[in-house]
Amino acid sequence: MAYLQLQGIEKFFGEHHAIKGIDLTIEQGEFMVFVGPSGCGKSTLLRLIAGLERIDHGQLHLQQREITHLASSQRDLAMVFQSYALYPHMSVFENMSFALKLAKVDANTIQQKVQRAADILNLGAYLQRTPRELSGGQRQRVAIGRAIVREPKVFLFDEPLSNLDAALRGQTRVEIAKLHRELGATTIYVTHDQVEAMTLADRVVVLRDGVIEQVGTPLNLYDRPANQFVAQFIGTPPMNLWPSQQLPAGVIQHGPPAAQQGAMGLRAEHVSVTAMGQGQLSGTVELVEALGAETLIYVNSDLGQLLVARQNERSELRPGQPVSVQLDLSRAHWFDAKGLAVTA
Amino acid sequence: MHDPTLIRQNLMQWLRTLVAWLVALLLFFPLGWLLLTAFKTELQAIAVPPEWLFAPTLENFHEVQERSDYLLYAKNSVITSVVSTLLGMLIATPAAYAMAFFKGKHTKDILMWMLSTKMMPAVGALVPVYVLAQKSHLLDTQLALIIVFTLSNLPIMVWMLFSQFKDIPHEILEAARMDGAGLWQEWRMVLLPLAMGGLASTGLLCLVLSWNEAFWSLNLTAAKGGTLATLIASYSSPEGLFWAKLSAASLMAIAPIVVFGWFSQKQLVQGLTFGAVK
């Protein structure tokens, strides 16, 4: 049974059609991540679910109850904002207990619940401080604590880590994953960072221009992208993509007929740089990125395109050096003229 | 020892202090003069060259209270300025809230239009307002002034509150909504505490403006509904100028608001410079 169900959700901002009919089902306890380039509508979709924006068309059901036009305050959802949005005039304790106070929960229960959340988030020592006396990471934890204390039906996260520095971001990401494991709460998480999407999500929703491009588990998206956009959006570096016409006949014959007018994609790990004359393509080295555990080699191919190969060994190659490129065609992704995936 | 940049810095410091004093004295001079004159006799007040040393007298204050009912005017001033300020806040706060947090296509235009009404000289509306007051039997009443003060201060109040609300991040109010706060709770527990400084300074400014307002008080009221401004004006009478008594009356008129302003100047300054520095 669907826990949270979106049916034909649409949103207009004046003339701009921001969300163009979203159908989506989220199960209880699921960690769902909305990901997409900026302006794709992922935050808008979250705000529509939160009730912070009006839904123009479509229906929203939570546990079979329609909440399409219910006020935010009555939806029983909690949200963690990108800017944290803590109440600056309240202490950490007051921030975390605000929702319970509004719900007229008795003081003892409030005390217990806040204390428990503070223990989980290591905020025990800061309960009497005001937000301005806290570091960015601590504020972030208070914002999460404010959501936990309420035990809402769904947690909504709007790019919660984007204001943190890289180290703290990684650490908080792990904490959020752990928290979700412990609480088992249904979560919708918006991010433009695909590492967050891949590491946190049970399922990922890839959005573009207000439309869902694909929904699936992280590895499913990585291994079986439904179209060129998802193929290139998921994964770093982005998947190599060649228009079919540019490919040598020896390569294109491996593809399905539908892909003859389309394109072929290959992940960087399925492309390798070899000695001259051994691969299907040739080119010159443009750049070598030595990341330690792995090395990314960017090659300007003779087909007039920059491609990237990933290898686990270090490389002695220098920019400008001529190389040959080996493609593992058994791992190739094929796309038709419309950019949709077709199987070989 | 004689570091040239240090000397220059010192010089600049001196210069700035000097200019600050000059400006302050310039601003204070009329008030200081008023203060001195209020304690002189009428003869001393018009003496040329002015007398700087004299035996102060309370005669003028005594006479002002004898000749006109200071307390009645003071009461009118208090009632009209306080009530119009409260009424104005009651209208301006929701208006500014709507404009700051639920911006529409024409919000900016409405704000500009509201402000533009302040650009018209008040005398331009004198005849219609006077006739309206007369037809509704409101001439020489506190109510007439309350209505006029409220309306004429509204644009400023909405603007001040708007600029203060604008600086409150939307997300904080949205967070309150997500936390289960209804509109009234959102206002009472989040918006108003956050905007307290701004609300106070807006209220204070309007109180001062209403208190000092003279044009409408003089034109719409007289002996019954008149404010302290009309009291002062009554001393620049056709019978001749009584500088000392005029000064005494002025001093009595402005004293309450000056004392009040003195104690609330922190709030006032904060409100007037709100948004200028983050």
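Because the structure is a prediction, the values reported are computed rather than measured.

Asker: Could you give an account of the overall build of chain A, naming the residues involved and the relevant values?
Answerer: Looking only at helices and strands, one finds nine helices and 19 strands in chain A. Summarising its shape, the C-alpha atoms of chain A cover approximately 75 × 45 × 35 Å along the three principal directions. Intrachain contacts of chain A at a sequence separation of at least 6 include 65% that bridge at least 24 residues.

Asker: Run through the overall build of chain B, naming residues and quoting values.
Answerer: Counting secondary structure elements, chain B contains 13 helices and two strands. Along the longest, intermediate and shortest principal axes, the C-alpha atoms of chain B span 80 × 70 × 30 Å. Residue burial in chain B is summarised as follows: out of 278 residues, 34% are buried. Within chain B, contacts between residues at least 6 apart in sequence are counted, and of these 77% link residues at least 24 apart.

Asker: How would you sum up the sheet that holds strand E1 (residues 4-13) of chain A? Please name residues and give values.
Answerer: Residue and element names in this part refer to chain A. The strand order across the open sheet built from four strands is E2-E1-E4-E5, with neighbouring strands paired in antiparallel fashion. What marks the edges here is a single partner per strand, and that holds for strand E2 (16-26) and strand E5 (65-66). By the bridge criterion, eight bridges tie E1 to E2 in an arrangement that is antiparallel. Looking at the pairing, Gln5 lines up with Thr25 of E2. In this fold helix H1 (residues 42-50) packs onto E1, E2 and strand E4 (57-62), with an angle of close to 65° to the strand it touches most, E2.

Asker: Talk me through the nonpolar core; I want residue IDs and the actual numbers.
Answerer: Judged by nonpolar contacts, the single largest core of 121 residues is most densely connected at A:Val33, A:Met79 and A:Leu156. If one sorts the elements of this core by residue count, helix H9 (residues 183-212) of chain B sits on top with eleven residues. If we skip the residues at most four places from it in the chain, A:Met79 touches A:Ala50, A:Ala147, A:Leu156, A:Asp158, B:Ala175 and B:Met178. B:Phe39, B:Tyr73, B:Leu228 and B:Met252 belong to the second largest nonpolar core, which has 18 residues in total.

Asker: Could you give me a rundown of the interface of chain B and chain A, with the residues and numbers involved?
Answerer: Contact residues are listed per partner, giving 15 residues for chain B and 17 residues for chain A. For the side of chain B that touches chain A, the elements supplying multiple residues, two or more each, are helix H8 (170-178) and H9 of chain B. For the side of chain B that touches chain A, the leading source of residues is H8(B), giving six residues. A class-by-class count of the residues in the side of chain B that touches chain A yields eight nonpolar, three polar and four charged.

Asker: Break down the packing of H8(B) against H9(B) for me, with residues and values.
Answerer: Residue and element names in this part refer to chain B. Running from amino to carboxyl end, H8 crosses H9 at an angle of 140°, the nearest separation of the two axes being 10 Å. With respect to H9, the element H8 is oriented oblique. As H8 packs across H9, the resulting crossing turns out to be right-handed. Contacts between H8 and H9 involve Ile172, Leu173, Ala176 and Arg177 on the former and, on the latter, Glu186, Val190 and Leu191. Class assignment for the residues of the contact of H8 with H9 results in five nonpolar, no polar and two charged.

Asker: Kindly report on the pairing of strand E6 (residues 77-80) of chain A, identifying the contributing residues and their values.
Answerer: Residues and elements named next belong to chain A. Both faces of E6 are covered, namely the face carrying Leu77 and Met79 and the face carrying Ala78 and Val80. Here four bridges tie E6 to strand E7 (residues 154-158), and the two strands are oriented parallel to one another. By the bridge assignment for E7, Val80 is matched with Phe157.

Asker: Go over the domain arrangement of chain B, please, and point to the residues and values.
Answerer: How large an interface is tends to be reported as the accessible area lost when its parts come together. Residues and elements named next belong to chain B. For chain B, the assigned domains are domain 1 (4-59) and domain 2 (61-272). Between the C-alpha centres of domain 1 and domain 2 there is a distance of 30 Å. Between domain 1 and domain 2, the contact holds eleven residues from the first and ten residues from the second. Mapped by element, the contributors of at least two residues to the side of domain 1 that touches domain 2 are helix H1 (4-38) and helix H2 (42-46). Grouping the amino acids of the side of domain 1 that touches domain 2 by side-chain chemistry returns six nonpolar, two polar and three charged.

Asker: An account of H1(A) is requested, with residue identities and associated values reported.
Answerer: All names here are of chain A. Counting buried residues along H1, nine of its nine residues qualify, which places the element largely inside the surrounding structure. Residues of H1 that are buried: Lys42, Ser43, Thr44, Leu45, Leu46, Arg47, Leu48, Ile49 and Ala50. At the exit of H1 stands Gly51, carrying a positive phi of roughly 85°.

Asker: Can you break down the domain arrangement of chain A residue by residue, with the values?
Answerer: Residues and elements named next belong to chain A. Each assigned domain of chain A is listed here: domain 1 (28-53 + 71-228) and domain 2 (237-244 + 263-342). Taking the mean C-alpha position of each, domain 1 and domain 2 sit 38 Å from one another. For the side of domain 1 that touches domain 2, a count of residues per class yields two nonpolar, two polar and no charged.

Asker: Explain the pairing of strand E12 (residues 263-266) of chain A to me, and be specific about the residues and the numbers.
Answerer: All names here are of chain A. Every second residue of E12 is oriented toward a common face, with Ala263 and Gly265 on one face and Met264 and Leu266 on the other, all of them buried. Of the pairings in the sheet, the one linking strand E11 (residues 240-243) to E12 comprises four bridges and is antiparallel in character. Each bridged residue has a counterpart across the sheet, and for Pro243 the counterpart in E12 is Ala263. Both E12 and strand E18 (residues 333-335) contribute to a ladder of three bridges, which runs antiparallel. Bridge assignment links Gly265 to a residue of E18, and that residue is His333.

Asker: Hey, could you go over the environment of B:Leu35 for me, with residue numbers and the actual values?
Answerer: Locating B:Leu35 in the fold gives a position in helix H1. When the C-alpha atoms of B:Leu35 and B:Ser250 are compared, they prove to be 9.2 Å apart, with 215 residues separating the residues in sequence.

Asker: Requested: an account of H1(B), with residues and values cited.
Answerer: Residue and element names in this part refer to chain B. The end-to-end C-alpha distance of H1 is 50 Å, a good match for the 51 Å that 35 residues give at a rise of 1.5 Å each. At Phe29, H1 shows its maximal bend, which comes to roughly 45°, and the proline Pro30 appears one to four places after that position. Of all 35 residues in H1, two are buried; the element is thus mostly exposed.

Asker: How would you explain unusual backbone geometry if you had to name every residue and give the values?
Answerer: A:Thr236 connects to A:Pro237 through a cis peptide bond whose omega is -10°. Relative to the helices and strands, A:Pro237 is located in the loop between helix H8 (228-233) and E11. In this structure, B:Pro49 follows B:Val48 across a cis peptide bond, with omega equal to -5°. The backbone of A:Tyr84 shows a phi angle near 70°, a positive value even though the residue is not glycine. Looking at the element boundaries, A:Tyr84 is found in the loop between E6 and helix H2 (92-102). Backbone geometry places A:Ala85, a non-glycine residue, at a positive phi of 50°. Secondary-structure assignment places A:Ala85 in the loop between E6 and H2.

Calculation notes
- Residue positions are given per chain, counted from 1 along the sequence in the order it is written.
- Starting at A for chains and at 1 for ligands, labels are handed out in the order in which the entities are written.
- Two thresholds apply to this predicted model, a pLDDT of at least 70 for residue-level local features and 80 or more for giving and counting side-chain atom pairs, whereas whole-chain, interface and lining totals are computed over all residues.
- Numbering goes from the N terminus for both helices and strands, where a helix is a DSSP run of H or I of at least four residues and a strand is a run of E of at least two.
- Residues are scored as being in contact if the C-beta atoms we place from backbone atoms lie within 7 Å.
- Using C-beta atoms placed from the backbone, we call a residue buried if 20 or more other C-beta atoms fall within 10 Å of its own, exposed if 12 or fewer do, and partly exposed for counts in between.
- Should DSSP find at least two bridges between two strands, the strands are taken to pair.
- Orientation is described by lines fitted to C-alpha atoms, with helices fitted over the stretch in contact, and by angles between N-to-C directions that extend from 0 to 180 degrees.
- Nonpolar cores are identified as sets of buried Ala, Val, Leu, Ile, Met, Phe, Trp, Tyr and Cys residues joined via C-beta atoms within 7 Å.
- Each residue gets one label: Ala, Val, Leu, Ile, Met, Phe, Trp, Tyr, Cys and Pro are nonpolar, Asp, Glu, Lys and Arg are charged, and the others, such as Gly, are polar.
- These descriptions rest on fixed angle ranges, namely under 35 degrees for roughly parallel, over 145 for roughly antiparallel, 65 to 115 for roughly perpendicular, and the rest for oblique.
- In this scheme the handedness of a crossing depends on how the near helix is turned from the far one: anticlockwise by less than a right angle means left-handed, clockwise means right-handed.
- Bear in mind that the domain bounds are from an automatic or database domain assignment.
- Multiplying one less than the number of residues by 1.5 Å gives the expected span of a helix.
- Think of it this way: the bend at a residue is just the angle between two axes, each fitted to seven residues, one set ending at that residue and the other starting at it.

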